[in-house]
Number of protein chains: 2
Amino acid sequence: QRQATNGRATLDHGREWMDKLGWTGNFTAEVGRGSAERRGREFSDSEVYKLIEAMSWETGRQADPARDTEIAELTTMIAGAQAAGGYLHTAFGRPGQQARYGDLAWGHELYCAGHLLQASVARARTSGDDALLNVARRVADHVCEEFGPAGRDAVCGHPEIEPGLVELFRATGEQRYLDQAALFVARRGRRTLPRHEFGWSYFSDDIPVREAKVLRGHAVRALYLAAGVVDLAVETGDDELLETVAAQFDRTLARRTYLTGGMGSRHLDEAFSDDFVLPADRAYSETCAGIAAIMVAWRLMLATGRERYADVIERILYNVVATAIGDDGRSFFYAHTLHQRSLTAVLPGDVEQLGFGGGPRAPWFEVSCCLANTARMLASLSTYVASVDDDGLRVHQYADADIDTTLADGRRVGLRMRTGYPDDGTVGFEVTAAEPGPWTLALRLPAWAAGATVTLNGEPQSATGDRVVLRRDFAVGDRIVLALPMRPRFTRPDPRIDAVRGCVAVEQGPVVLCVESVGGELDLDSLRVDAGTDPAADGGVTVRGVAEELPERPWPYADAGPVGQRTTLDVPLVPYHRWARSGPSTMRVWLPTT
Amino acid sequence: QRQATNGRATLDHGREWMDKLGWTGNFTAEVGRGSAERRGREFSDSEVYKLIEAMSWETGRQADPARDTEIAELTTMIAGAQAAGGYLHTAFGRPGQQARYGDLAWGHELYCAGHLLQASVARARTSGDDALLNVARRVADHVCEEFGPAGRDAVCGHPEIEPGLVELFRATGEQRYLDQAALFVARRGRRTLPRHEFGWSYFSDDIPVREAKVLRGHAVRALYLAAGVVDLAVETGDDELLETVAAQFDRTLARRTYLTGGMGSRHLDEAFSDDFVLPADRAYSETCAGIAAIMVAWRLMLATGRERYADVIERILYNVVATAIGDDGRSFFYAHTLHQRSLTAVLPGDVEQLGFGGGPRAPWFEVSCCLANTARMLASLSTYVASVDDDGLRVHQYADADIDTTLADGRRVGLRMRTGYPDDGTVGFEVTAAEPGPWTLALRLPAWAAGATVTLNGEPQSATGDRVVLRRDFAVGDRIVLALPMRPRFTRPDPRIDAVRGCVAVEQGPVVLCVESVGGELDLDSLRVDAGTDPAADGGVTVRGVAEELPERPWPYADAGPVGQRTTLDVPLVPYHRWARSGPSTMRVWLPTT
């Protein structure tokens, strides 16, 4: 359902706004000659590329000749804007514009190139059309020339070229693309970018990649870089580099990540803060950082085999990505607060938002990276469901799917998965294709799923650790049923997270719940819950709570706290990803305890 | 001691840097003609004016002919930069510059003018020198012409002209200055400034002054405006306006102010946040907002007689202003965190800081408003000590002072005050001049000072409420001793302040204490204190506590909290204003309880 809405409404919506705001028009000859004004911010080219990437994944998911034609037309337009030497960016180097690479810190030239490379690989993988790939090769050749060992000793202020180059290497086999990615990674952290009030950490340029212990600075920048570093480590067989970036990501998960999987807690610089600084009411948790974290987690899962990274992907999908987009596919959260104190506003549907945070989903932002990023994630969701390793088939995410793939040894296997997950914890599998001989079917057991059970053709199987491992000579028609416990549960934060001390959250399966007050009738900040009584789940989820009407005091600090009139009540909870869909409301995820 | 350091080191330091960075040089003819480059940000003129204001208060406090000469030279320089019609700003309207008032949102033209007006009044009040006042009158005449009823229907993005105009009205009796201030106040809140991602609230331009319920947006902007509004209400006898702004300030104190009296909790827009959003670890609490809040509190105290506003002044003086400045008078905090998680950095003494927060005191900032603002506050401190009302003499702040003043009815009174406050709670007074007939001596009783005692010539007197009121026919030699209880005490926050739930702070008299770990040996985030055992005060202040070494966990959220090795210890506290004076350290004001 979400993918269908994405494939039609969101992609059309993105195209309409990018046309309206001139972001596609920037590629035309008029703008190229300087006879028409270039519009949008310096990174708007990348939004067009991400939209094409989303369209490409979508046409791969479901054939759509009209969309194919649209991609071809956009590709022709983009190719037309490419300079003779391969350089391609609509905001630099043309009549009346700043010189190429004159502002590496903020110009986003290599960043846009990186997104073009990723889009071209997505297009090539999901179609027989190499037109965009050919544009991308010329861009990459130019980058290798300009920034190669004999070229500029510099990096881009916004990482993204790194994963782009490695992906293009994979698609083309061109070694120099991989070498160039390695060079960019080696240069990062040498403070070649100019001094800025946000510090070099903002650009991940403060500490060399191999020496850093944790992700820091601008969250999307840090995560795109990490994704590229994993790609590089895998392709070069550099296990030390792989474990370095895995350790950085692990520490980020342990100390700098919201319950939702969201990353980045500062509005000022859209950045990670110090360890355990995770305010709910000023959470930044940018949509794009969620998507970038999925990119990193998926790469690490494939590279290390560690199932817990698939837990991270699930958490972000259900609590960041699912939250980001409106039911109509045409409105978006840029940032994801975990505590809305004042009523969300009502936004007009035809005005772009200038700010990022605090409001409801908006149709468009001046910096509208979240739309195209969400679209490419949703269109490519199926790629995160399962993987094949030397032992057999692994299922990582639970959703209706028909898997038809080839094991490492060449045998074909088929698996049908049917489930109402995450509304329901039962996941049914049926083997639909199998060739003789044993192989392993591994099913992820989320860390929260203690007490899960599994049966194979009715026989109970062991279900402990981070996955169910079933090894046998599977036959077509074999049935497996995985039952994950979906009772709602209280979750307590690390005591070092000052912002939510003395609070609990409620989770149900992979879904973080919240209390929402549509219209603001219930003062959520007067609420405390009884964490000694388990949440009830008859119909909807509720917890026992107390609302306390606190007296007004002229100064909020005293030798004793205020005492007010208390009312006992059952507090209903809803999935966090459903909030702000029914008009102005207040909301909190973390609930103070009695 | 602090005033002496300010009067010499800080004023010299400010002058040196402003010369070095060209901020004074901007007033020279070369820059005026465009033959030399103008340097600094668009508000740098105001720093020169604030420095002159500080110098003026200082020469009033302690005669200094060399400084008088310096002020006269600076005045001549400034007068030379004034345009024929009275306009004065070094960044606009000259060859190669943007047109006058071409950027009201960010240009700071009227803001700078407001500071010039304040400086000129300070100079006129503390000397016989009207040279700067004459420059200011011409500026004000120009502003009244340009922005009068028939002029531009606009306000400045940064309030400050409003209090400046009222002060100039008071000094000159020129009614049109008061009328112009009223016009600016009436125009504010009509959204005449352009749309910005920070919202109109940033400029206090979202809601008309008479309709707003609380201070919001950029803290310094909101507070400077409030100061001007009180001035206006007093001079026009508009009690409704006075009570409106008092209610806004009261609600700000009740819901949007740090324990230190600091205001503003957002780094992004240097702004007030929603009610009760007061994170310790990302406190903004800008030095200038503290000074601006003192300006508002003092005006409200005088206008309403309410002693509690003097409590606010005391709180800010001891916990924001005293914290802001280094012992040498040459380094400053721009922002005031209440929780330093990672070790403060070591800053070079000769480099200006680009960023505002997180670091130790710095010699200079790109935006260096805090230095000159602190300097003018310290130089004028004595003006906040006492006031005269219809009943007699009121003492608001306790410090060594010799008060010699005239009552409302013309009688002269003298009072000598001697104290070691706030290190010691005993304040001794001796009447040094008195004329026949009864009058009232009122001594502020801070809200925290339950149990205070007072004697008059050895006889105990009643000491309840917000002040001690002694009415009699005082004789020279009468002695009063006020004893304020200075035992350290635990303070608990309003439960709606999520950021410090489950924590206590320790205060001693008006001084907020903190735990500091120089070198970071003690992990402050592992610390919990026993709030059931009163703080001890033998020698230094200590509290009973537990340090718990928490285990590493891959994910910081679980059904139960982590349990680690616990060590009982006595935790020493120091005044918050003393922190970060002994090398890199970590610090916290709010301490989680066991």
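Our structure is the block above this text.
The rules behind each value
- Residues numbered from 1 in each chain as written.
- Chains lettered and ligands numbered in written order.
- Predicted model: local features only at pLDDT ≥ 70, side-chain atom pairs only at ≥ 80, totals over all residues.
- Heavy atoms only, no water.
- Helix = DSSP H or I, 4+ residues; strand = E, 2+ residues; numbered from the N terminus.
- Buried < 20%, exposed > 50% of the residue type's maximum accessible area, 1.4 Å probe, protein only.
- Contact = heavy atoms within 4.5 Å.
- 1 Å grid on protein atoms, 1.4 Å probe; cavity = no way out; pocket = protein on both sides within 12 Å on 5 of 7 lines; lining within 4 Å.
- Points joined across faces, edges and corners; volume = space filled by probe spheres on them.
- Nonpolar A, V, L, I, M, F, W, Y, C, P; charged D, E, K, R; others polar.
- Salt bridge = Lys/Arg side-chain N within 4 Å of Asp/Glu carboxyl O.
- Pairing = 2+ DSSP bridges.
- Axes fitted to C-alpha atoms, helices over the stretch in contact; angles between N-to-C directions.

Draft legend 1. Just the environment of Ala297 of chain B, in detail. Residues and elements named next belong to chain B. Along the chain, the position of Ala297 falls in helix H11 (residues 287-304). For Ala297, a relative accessible area of 0% puts it in the buried group. Distance in space between the C-alpha atoms of Ala297 and Asp311 is 9.0 Å, their sequence separation being 14 residues. What Ala297 contacts, discounting residues up to four positions off in sequence, is Phe249, Tyr309, Val312 and Ile313.

Draft legend 2. A look at empty space enclosed by the protein. Applying the stated criterion across every chain yields a total of 11 cavities of 30 Å³ or more. As a volume, the largest cavity reaches approximately 190 Å³. Taken together, 16 residues make up the lining of the largest cavity; nearest its centre are Ser265 and Arg282 of chain A together with Ser265, Pro279 and Arg282 of chain B. Its residues assigned to classes, the lining of the largest cavity comprises five nonpolar, five polar and six charged. Around the second largest cavity, the lining is made up of 22 residues, and of these Pro279, Asp281 and Ala499 of chain A together with Asp498 and Ala499 of chain B lie nearest the centre. Its residues assigned to classes, the lining of the second largest cavity shows 14 nonpolar, two polar and six charged.

Draft legend 3. How the structure looks around the pattern of salt bridges. Under the definition given, this model contains 125 salt bridges over all chains. Here Arg412 of chain B makes a salt bridge to Asp404 of chain B, at a shortest N to O gap of 3.0 Å. Among the charged side chains, a network of salt bridges with common partners joins Arg8, Asp12, Arg15, Asp19, Asp64, Arg67 and Glu70 of chain A.

Draft legend 4. Quick look at the sheet that holds strand S9 (residues 459-461) of chain B. Residue and element names in this part refer to chain B. With antiparallel pairing, the six strands of this open sheet are ordered in space as S4-S5-S6-S11-S8-S9. Single-partner strands in this sheet number two, and they are strand S4 (401-406) and S9. Between one strand axis and the next, the sheet turns by 25 degrees as a mean value, whatever way the strands run. Two strands pair when backbone bridges link them, and strand S6 (residues 426-433) and strand S11 (residues 479-483) are joined in this way by five bridges, in the antiparallel orientation. Bridged to Glu430 within S11 is Arg479.

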